[in-house]
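Breakdown of the fold
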Amino acid sequence: TIGWVQDLIREHLDWLLRTPNATEFAADMQDTAHMLRACAGEILQPIGRHRAPHPRHPERDCGGRLYPAATSTHDNPGVVCIDCGETYTGTWEVRRLGLLIGAQ
(Lines give C-alpha, C1' and ligand atoms only; values in the text may rest on other atoms or scores of the structure.)
Protein backbone atom coordinates (compact mmCIF):
# COMPACT_ATOMS: atom_id res chain seq x y z
CA THR A 1 0.00 0.00 0.00
CA ILE A 2 1.01 3.62 -0.35
CA GLY A 3 1.12 4.06 3.43
CA TRP A 4 3.55 1.16 3.81
CA VAL A 5 5.85 2.55 1.11
CA GLN A 6 5.64 6.02 2.65
CA ASP A 7 6.68 4.63 6.04
CA LEU A 8 9.51 2.66 4.43
CA ILE A 9 10.85 5.75 2.63
CA ARG A 10 10.53 7.91 5.74
CA GLU A 11 12.39 5.29 7.81
CA HIS A 12 15.28 5.06 5.33
CA LEU A 13 15.31 8.65 4.06
CA ASP A 14 18.74 9.51 5.49
CA TRP A 15 20.28 6.51 3.77
CA LEU A 16 18.47 7.22 0.50
CA LEU A 17 19.69 10.82 0.43
CA ARG A 18 23.32 9.74 0.92
CA THR A 19 23.32 7.42 -2.09
CA PRO A 20 24.74 8.63 -5.41
CA ASN A 21 21.31 8.13 -6.99
CA ALA A 22 19.50 10.52 -4.63
CA THR A 23 18.70 13.01 -7.42
CA GLU A 24 17.27 10.27 -9.65
CA PHE A 25 15.31 8.90 -6.69
CA ALA A 26 13.82 12.35 -5.98
CA ALA A 27 12.86 12.81 -9.65
CA ASP A 28 11.22 9.36 -9.70
CA MET A 29 9.30 10.17 -6.53
CA GLN A 30 8.11 13.47 -8.01
CA ASP A 31 6.98 11.69 -11.20
CA THR A 32 5.14 9.10 -9.12
CA ALA A 33 3.40 11.77 -7.04
CA HIS A 34 2.41 13.60 -10.23
CA MET A 35 0.93 10.42 -11.72
CA LEU A 36 -1.01 9.68 -8.52
CA ARG A 37 -2.45 13.23 -8.46
CA ALA A 38 -3.44 12.88 -12.12
CA CYS A 39 -5.17 9.54 -11.40
CA ALA A 40 -7.02 11.12 -8.48
CA GLY A 41 -8.23 13.98 -10.72
CA GLU A 42 -6.33 16.68 -8.85
CA ILE A 43 -4.41 17.87 -11.92
CA LEU A 44 -6.64 19.88 -14.20
CA GLN A 45 -6.18 20.62 -17.87
CA PRO A 46 -5.62 24.30 -18.69
CA ILE A 47 -8.74 26.16 -19.79
CA GLY A 48 -6.86 28.12 -22.45
CA ARG A 49 -3.76 30.08 -23.35
CA HIS A 50 -2.90 33.60 -22.22
CA ARG A 51 -2.99 35.45 -25.55
CA ALA A 52 -2.46 38.85 -23.96
CA PRO A 53 0.73 40.91 -23.82
CA HIS A 54 3.20 39.56 -21.30
CA PRO A 55 3.28 41.87 -18.22
CA ARG A 56 7.10 42.12 -18.23
CA HIS A 57 7.56 41.95 -22.02
CA PRO A 58 4.64 43.87 -23.60
CA GLU A 59 6.08 43.49 -27.10
CA ARG A 60 5.10 39.79 -27.17
CA ASP A 61 2.21 37.60 -26.07
CA CYS A 62 2.62 35.50 -22.95
CA GLY A 63 1.11 32.26 -24.32
CA GLY A 64 1.00 30.80 -20.80
CA ARG A 65 -1.52 28.30 -19.49
CA LEU A 66 -4.72 29.66 -17.94
CA TYR A 67 -6.39 27.96 -14.98
CA PRO A 68 -9.33 28.92 -12.77
CA ALA A 69 -8.11 31.09 -9.89
CA ALA A 70 -8.17 29.55 -6.42
CA THR A 71 -10.68 32.19 -5.32
CA SER A 72 -12.91 31.66 -8.35
CA THR A 73 -16.62 31.11 -7.67
CA HIS A 74 -19.75 31.13 -9.83
CA ASP A 75 -20.56 34.67 -8.71
CA ASN A 76 -16.97 35.92 -8.86
CA PRO A 77 -15.04 34.11 -11.62
CA GLY A 78 -11.30 34.33 -11.81
CA VAL A 79 -8.54 33.14 -14.13
CA VAL A 80 -4.79 33.03 -13.52
CA CYS A 81 -1.88 32.46 -15.91
CA ILE A 82 0.50 30.12 -14.13
CA ASP A 83 3.41 31.16 -16.34
CA CYS A 84 3.43 34.95 -15.82
CA GLY A 85 1.14 35.21 -12.78
CA GLU A 86 -1.34 37.64 -14.38
CA THR A 87 -4.74 37.27 -12.66
CA TYR A 88 -8.14 38.28 -13.96
CA THR A 89 -10.88 38.39 -11.32
CA GLY A 90 -14.48 39.41 -11.60
CA THR A 91 -16.95 39.08 -14.44
CA TRP A 92 -15.74 42.12 -16.38
CA GLU A 93 -12.04 41.27 -16.29
CA VAL A 94 -12.66 37.65 -17.34
CA ARG A 95 -14.97 38.84 -20.13
CA ARG A 96 -12.33 41.38 -21.26
CA LEU A 97 -9.72 38.59 -21.38
CA GLY A 98 -12.15 36.45 -23.42
CA LEU A 99 -12.67 39.26 -25.91
CA LEU A 100 -8.93 39.81 -26.17
CA ILE A 101 -8.30 36.13 -26.85
CA GLY A 102 -11.21 35.91 -29.31
CA ALA A 103 -9.94 38.88 -31.33
CA GLN A 104 -6.64 37.13 -32.15
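The preceding data block contains the structure.
Below is a summary of the structure that appears in this document. These numbers were taken from a predicted model, which means no experiment stands behind them. (Residues numbered from 1 in each chain as written. Predicted model: local features only at pLDDT ≥ 70, side-chain atom pairs only at ≥ 80, totals over all residues. Heavy atoms only, no water.)

Moving on, we get to the nonpolar core. Residues Ala-52, Cys-62, Leu-66, Val-79, Cys-81, Cys-84, Tyr-88 and Leu-97 constitute the largest nonpolar core, which totals 8 residues. Every residue in contact with Cys-81, bar those within four places of it in the chain, is listed here: His-50, Cys-62, Gly-64, Arg-65, Leu-66 and Glu-86. (Core = buried A, V, L, I, M, F, W, Y, C linked by side-chain atoms within 4.5 Å. Buried < 20%, exposed > 50% of the residue type's maximum accessible area, 1.4 Å probe, protein only. Contact = heavy atoms within 4.5 Å.)

Bringing the side chain of His-50 into the picture now. Along the chain, the position of His-50 falls in the loop between strand S1 (48-49) and strand S2 (65-68). At a separation of 2.9 Å, a polar atom in the side chain of His-50 contacts the side chain of Tyr-88. The residues touching His-50, leaving out its near neighbours within four places in the chain, are Cys-62, Gly-63, Gly-64, Leu-66, Cys-81, Cys-84, Glu-86, Tyr-88 and Leu-97. (Helix = DSSP H or I, 4+ residues; strand = E, 2+ residues; numbered from the N terminus. Polar contact = N/O pair within 3.5 Å; in protein donor to acceptor, adjacent residues only side chain to side chain.)

Before going further, it helps to spend a moment on the pairing of strand S3 (residues 78-81). Summarising the sheet, S2 and S3 pair through 3 bridges and their orientation is antiparallel. Considered in S3, the bridge of Tyr-67 is made with Val-80. Bridge count between S3 and strand S4 (residues 87-89): 3 bridges; the pairing is antiparallel. Its bridge partner lying in S4, Val-80 is registered against Thr-87. Linking two consecutive strands that pair antiparallel, namely S3 and S4, is a turn of 5 residues; a positive phi of about 90 degrees is found at Gly-85 within it. (Pairing = 2+ DSSP bridges.)

Function-wise, these values are silent; they only describe arrangement.
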